[in-house]
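# Per-entry structural report
Chain by chain, the residues:
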Amino acid sequence: MSMTPRVIALFVILLAVLAASPARAGHLVVITHSDSAIHTLSREQVSRIFLGRLKLLPTGERVTVVEVGPLRERFYRRLIGRDIAEINAYWARLQFSGRTQPPLRLASDKDALAAVLAERNVIGYIDADMLDPRAKVLFRLEP
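All of the points below concern the structure found in this document.

Thresholds applied
- Residues numbered from 1 in each chain as written.
- Predicted model: local features only at pLDDT ≥ 70, side-chain atom pairs only at ≥ 80, totals over all residues.
- Heavy atoms only, no water.
- Helix = DSSP H or I, 4+ residues; strand = E, 2+ residues; numbered from the N terminus.
- Expected span 1.5 Å × (residues − 1).
- Contact = heavy atoms within 4.5 Å.
- Polar contact = N/O pair within 3.5 Å; in protein donor to acceptor, adjacent residues only side chain to side chain.
- Salt bridge = Lys/Arg side-chain N within 4 Å of Asp/Glu carboxyl O.
- Pairing = 2+ DSSP bridges.
- Axes fitted to C-alpha atoms, helices over the stretch in contact; angles between N-to-C directions.
- Buried < 20%, exposed > 50% of the residue type's maximum accessible area, 1.4 Å probe, protein only.

### Quick look at helix 4 (residues 84-97)
With 14 residues, helix 4 should cover 20 Å at 1.5 Å per step; its first-to-last C-alpha distance of 20 Å lies within 8% of that length. Looking at the packing, one finds that the buried side of helix 4 touches helix 2 (43-50) and helix 3 (72-80). With a side-chain oxygen positioned 3.1 Å from the backbone nitrogen of A85, the residue opening helix 4 is D83. Two residues or fewer past helix 4, G98 is found with a positive phi of approximately 80°.

### So, the pattern of salt bridges
Scanning the entire structure with this criterion turns up five salt bridges. One salt bridge connects E61 with R120, and the closest N-O pair in it is separated by 3.5 Å. Separated by 59 residues along the polypeptide, E61 in the loop between helix 2 and strand 2 (64-68) and R120 in the loop between helix 5 (109-118) and strand 4 (122-127) bring together distant segments of the chain. Measuring nitrogen to oxygen at the nearest pair gives 3.4 Å for the salt bridge that ties R74 to D127. Of the two residues, R74 is situated in helix 3 and D127 in strand 4; the sequence distance between them amounts to 53 residues. Here the salt bridges share partners, and the residues they tie into one network are E67, R72 and R105.

### Some points on the sheet that holds strand 1 (residues 28-33)
Working definition: the strands of a sheet are paired by backbone hydrogen bonds and lie parallel or antiparallel to each other. Taken in spatial order, the five strands line up as 3-2-4-1-5 in an open sheet, and their pairing is mixed. The strands lining the two open edges of the sheet, one partner per strand, are strand 3 (104-106) and strand 5 (135-141). Across the sheet, the axes of successive neighbouring strands diverge by a mean angle of 30°, strand direction being ignored. Bridge count between strand 2 and strand 4: two bridges; the pairing is parallel. Each bridged residue has a counterpart across the sheet, and for T64 the counterpart in strand 4 is V122. Sitting on the sheet, helix 2 touches strand 1, strand 2, strand 4 and strand 5, and the angle it makes with strand 4 is about 105°.

### Thoughts on the pairing of strand 1
With six of six residues buried, strand 1 lies mostly within the body of the structure. As judged from the five bridges shared by strand 1 and strand 4, these two strands associate in the antiparallel manner. Looking across to strand 4, one finds that I31 is bridged to G124.

Read these as spatial facts, not as claims about activity.
Put into structure tokens, the structure is as follows:
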């Protein structure tokens, strides 16, 4: 059975609608390398790490923080209830004062996952749908 151009076009539209659907905006997970000595983090610890206030992991290792550009707004809204303009202003003040630098911003979940899997002191967040068994979940942010 061959598909007509109209059926193909409807199928493509349906896939695009499903991909952009709010149902897809599920859990975000804060992850690290599976070999990390850290097993879990509290909301407070995650907040402090991603706001540059906590530079060392509970194990004493220096933490490298990565974030995902397209997920930033959702992440900070769920984690600390702030919109992205407030987060950007916060980081601008800290950078101007020379106190610290913001997390490394990556383009996608895939890039963040790769960074986490490359080194055990890296912490990042991804959409739970992108989770890989080689990564360890430290904290879950509910929708």
